[in-house]
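# Secondary and tertiary structure notes
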Amino acid sequence: MLSTAELAAFRPILASFGENLRELNLTVEPDDTEIEDGKSPLSLRSCGNLASLTLKVHLCHPKPTHQAMHLSWVPSFLNTLRAESLRELKVVVFATRATPADLGNLDWCAVARVLRQPRFATLRRVVVKIVRGGGIERSAVPYITERLAVVEKRGILRCVQTNV
C-alpha cells in the first residue's frame with residue numbers, strides 16, 4: 001500500500017525491477033499531496049511483461065473538504081502501460097460514504113479512451129469492483145458500464161458491487 005505522496009518515490013524502484021513483474025497489485029491511499037491534473041506520479045513503462053494489474057483506489061477522499069481531483073492521475077497512469085501481454089486489469093474502488101455524484105471522481109471515460117488503444121487488444125478481462133458503496137448501490141454498475149462501453153462491447157467487462 002502506498003500513499004499518493006509515495007507514488008513518485010516508488011517510481012525509480014518500479015523502474016528498476018518492473019520488467020520482471022508478471023503481476024502487480026497496487027493500493028493507493030489518498031493523502032494531502034497535490035497532483036497536477038491528469039499527470040501520473042508513477043509510470044508502468046518498465047512493466048512490459050505484466051499479465052495482470054490490480055489497482056485499488058478510494059472513490060472519496062478521506063477528508064471531505066478535499067476536491068474530487070485525487071484520482072485525476074489514474075487514466076494517465078494506465079496510459080503509461082505498454083504491456084502487450086496484459087490479460088487482466090482489475091480496478092477496485094473503495095466507495096465508503098460515496099454518493100452518485102462521487103462516481104465522477106474517477107474519469108471513467110478517460111479510462112475507456114486508454115483501454116480502447118490497440119496495445120490493450122490482448123486484454124481478456126477487465127474487472128471493476130465497487131466495495132462498500134452503500135449510497136450508490138443502484139447507480140454504480142450502470143454508470144461505470146455505460147462509460148466503459150468500449151470494453152463492454154468486447155465482452156470482457158465485469159462490473160460488480162460488494163460490501164466486502
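In this report, the structure presented in the accompanying data block is examined. (Residues numbered from 1 in each chain as written. Predicted model: local features only at pLDDT ≥ 70, side-chain atom pairs only at ≥ 80, totals over all residues. Heavy atoms only, no water.)

## Quick notes on helix α1 (residues 4-17)
Each turn of an α-helix holds 3.6 residues, which means side chains three or four residues apart point in the same direction. In this model α1 runs 21 Å from its N-terminal to its C-terminal C-alpha over 14 residues, within 8% of the 20 Å that 1.5 Å per residue would give. Of all the bends in α1, the greatest reaches close to 45° and is centred on Phe10; the proline Pro12 follows between one and four positions later. Buried within α1 we find Thr4, Leu7, Phe10 and Leu14. Here the buried face of α1 lies against β1 (2-3) and β2 (23-29). (Helix = DSSP H or I, 4+ residues; strand = E, 2+ residues; numbered from the N terminus. Expected span 1.5 Å × (residues − 1). Bend = angle between axes of the 7 residues up to and from the residue. Buried < 20%, exposed > 50% of the residue type's maximum accessible area, 1.4 Å probe, protein only. Contact = heavy atoms within 4.5 Å.)

## Brief notes about the nonpolar core
Ranked by internal contacts, the top residues of the largest apolar core, which has 50 residues, are Leu50, Leu53 and Leu148. With five residues, helix α3 (residues 108-115) is the largest single contributor of residues to this core. Look past the residues within four positions of Leu50 in its chain and what remains in contact with it is Leu21, Arg22, Glu23, Leu24, Leu81, Ala83, Ser85 and Leu86. (Core = buried A, V, L, I, M, F, W, Y, C linked by side-chain atoms within 4.5 Å.)

## Quick notes on the pattern of salt bridges
Following the criterion strictly, the structure yields three salt bridges and no others. Salt-bridge contacts for Lys90 lead to Glu88; the nearest nitrogen and oxygen are separated by 3.9 Å. Residue class for Glu88 comes out buried when judged on its relative accessible area of 18%. One salt bridge connects Glu88 with Arg125, and the closest N-O pair in it is separated by 3.1 Å. You can see Glu88 sitting in strand β4 (residues 88-94) and its partner Arg125 sitting in strand β5 (residues 125-131), a full 37 residues away along the chain. Connected through salt bridges with shared partners, the residues Glu88, Lys90 and Arg125 form a single ionic network. (Salt bridge = Lys/Arg side-chain N within 4 Å of Asp/Glu carboxyl O.)

## Focus: the packing of aromatic side chains
Using the criterion set out here, one finds two aromatic pairs in the structure. Aromatic side chains Phe10 and Phe17 sit 6.5 Å apart centroid to centroid with 70° between the ring planes, which places their arrangement in the edge-to-face category. Taking relative accessible area as the criterion, Phe10 reaches 18% and is therefore assigned buried. Ring centres of Trp73 and Phe77 lie 5.5 Å apart, and the angle between their planes is 70°; on these two criteria the pair is classed as edge-to-face. Take Trp73 and Phe77: they sit in the same class, and that class is buried. (Phe/Tyr/Trp six-rings, centres within 6.5 Å; stacked < 30°, edge-to-face > 60°.)

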